[in-house]
Amino acid sequence: MKPLLAVRDLSVRFRMRRGREVAAVSSVSFDLAPGECLALVGESGCGKSVLASALLGLLPGNAVVRGEAVLHGGGDPVDLLAADERTLARSVRGRRVGLVPQSPAAHLTPVRTVRSQLAETVRELTGARKEALADATHAAAERASFPADHLDRYPHELSGGLAQRAATALALVGDAPLLLADEPTTGLDRDLVDKTVDELRSHAGDGRGLLIITHDLAAAERIADRVAVMYAGRVVELAAADRFFGAPGPRHPYARGLLDALPERAFTPVPGMPPELGDLPEGCAFAPRCPRASEACAVQPPFDEDGGEGEACHHPVVPEGSRP
Ligand SMILES: Nc1ncnc2c1ncn2[C@@H]1O[C@H](COP(=O)(O)OP(=O)(O)OP(=O)(O)O)[C@@H](O)[C@H]1O
Ligand code: NI
């Protein structure tokens, strides 16, 4: 089966003053299958949002992007990294790729009510008019649990959680084949978190795909088919969610550390801090924090992939009897 999205060797560098460079994303490759939900996790600053922005052509001018990201859903295949701004604006963003942005407040238009923004998006993407438009606007709000009696509020009159729900409602309108959701549950209480991620997950049925970026590993466990763990700009492990959250667990020591940091598990944070992306070491960037590191880790470990799973580690945690 053809993937919905095929990302190959995606790298993003930010050019800074005095010739400095920030390596925000390095050699990321993965496929997203139709109907699949992939959760992208990792510590703050590891490159998750930059990766999502690259897929939407939303990076600032000092970004240098390399690689390929071919979207097969919703029309002719298009390389999202090579498409020009006109194509992205007209036929990709909102229509073929939906985005729940990480800072919803910044993406809502401050001088217009939620109702008017939602109605305009519904009209643009579905062609609904008049009474149908009013009904469709209500339905769109309801899908994201945005309360109808708040539709006439302006963005600054919304709490963080309500702004989040307004942004989610906007992102769902186009029924885009690929949905990118960047921390879609910030500011929501647990029951609303569950409701929101379930709604996002159900969107991914029907051959559509969902890439959800989240710090909330419980939410990832609830809806993801696979998990991608990012560290210092690289995907260091790709794993089926049941193996990742259950037995035998992740193979990359950093991924194991992330899970062990959870309050309901060992509650032991990974010691140390992630590295500066402007000053990365030659070899494995996690080695200075890694309990399994050896001299071999001075060389960048290759990503060993097998059937959509794999890890980049010289010393993965491999349970007895599983593949070498
Ligand atoms: N325009 C820019 N110029 C230079 N560096 C940038 C720019 N945008 C992002 N970065 C850097 O890229 C790195 C990755 O940032 P990114 O926002 O993708 O992290 P993240 O994984 O989404 O973190 P969080 O979980 O906090 O949202 C950071 O070190 C950030 O400082
Ligand atoms: Ni982010």
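Structure shown above.
A brief structural summary. (Residues numbered from 1 in each chain as written. Chains lettered and ligands numbered in written order. Predicted model: local features only at pLDDT ≥ 70, side-chain atom pairs only at ≥ 80, totals over all residues.)

Taken in spatial order, the eight strands of this open sheet run 6-7-8-3-9-10-12-11, and their pairing is mixed. Only two strands of the sheet have a single partner each, and these edge strands are strand 6 (97-100) and strand 11 (303-306). The mean angle between the axes of side-by-side strands here comes to 20°, regardless of whether they run parallel or antiparallel. Both strand 6 and strand 7 (residues 178-182) contribute to a ladder of four bridges, which runs parallel. Directly across from V100, in strand 7, lies its bridge partner A181. Where helix 10 (residues 253-260) meets the sheet, it contacts strand 3 (37-41), strand 9 (226-231) and strand 10 (234-240), and its direction lies at approximately 105° from that of strand 9. (Pairing = 2+ DSSP bridges. Helix = DSSP H or I, 4+ residues; strand = E, 2+ residues; numbered from the N terminus. Axes fitted to C-alpha atoms, helices over the stretch in contact; angles between N-to-C directions. Contact = placed C-beta atoms within 7 Å.)

Another point: the packing of helix 4 (residues 114-126) against helix 5 (residues 130-143). A pair of packed helices is captured by two measures, namely the crossing angle of their axes and the spacing between those axes. At a minimum axis separation of 9 Å, helix 4 and helix 5 run at an interaxial angle of 110°. Regarding the angle of helix 4 to helix 5, the classification is roughly perpendicular. In this structure, helix 4 uses R115, L118, A119, V122, R123 and T126 to contact helix 5, whose residues at the interface are L133, A136, T137, A140 and A141. Residue composition of the contact of helix 4 with helix 5, grouped by class: seven nonpolar, two polar and two charged. (Parallel < 35°, antiparallel > 145°, perpendicular 65-115°, else oblique. Nonpolar A, V, L, I, M, F, W, Y, C, P; charged D, E, K, R; others polar.)

Structurally, A298 is set in the loop between helix 10 and strand 11. For A298, a count of 13 C-beta atoms within 10 Å corresponds to the partly exposed category. Through-space distance from the C-alpha of A298 to that of V111 is 53 Å; in sequence the pair is 187 residues apart. Discounting chain neighbours no more than four positions away, the residues touching A298 are E282 and G283. (Buried ≥ 20, exposed ≤ 12 C-beta atoms within 10 Å, placed from the backbone.)

Lining the immediate surroundings of ligand 1 are 14 residues, of which F14, S44, K48, S49 and V50 lie closest. Secondary-structure elements contributing two or more residues to the shell around ligand 1 are strand 2 (21-32) and helix 1 (48-56). With three residues, helix 1 is the largest single contributor of residues to the shell around ligand 1. Taken together, the residues that form the shell around ligand 1 break down as seven nonpolar, six polar and one charged. (Near = placed C-beta within 6 Å.)

Remark on secondary structure: sheet strands pair via backbone hydrogen bonds, oriented parallel or antiparallel. Read across the open sheet, the four strands follow the order 2-1-4-5; overall the sheet is antiparallel. A strand with exactly one partner marks an edge of an open sheet, and here the two such strands are strand 2 and strand 5 (78-79). As paired strands, strand 4 (residues 63-71) and strand 5 are joined by two bridges and run antiparallel to one another. In the strand pairing of strand 5, L71 is matched with V78. Contacts from helix 1 reach strand 1 (5-15), strand 2 and strand 4, with the element oriented near 70° to strand 2.

Within strand 3, five of the five residues are buried, which leaves the element mostly enclosed by the surrounding structure. Here strand 3 shows a buried face lined by C37, A39 and V41 and a second buried face lined by L38 and L40. Relative to strand 8 (residues 209-213), strand 3 is paired through four bridges, and the arrangement is parallel. By the bridge assignment, C37 is partnered in strand 8 with L210.

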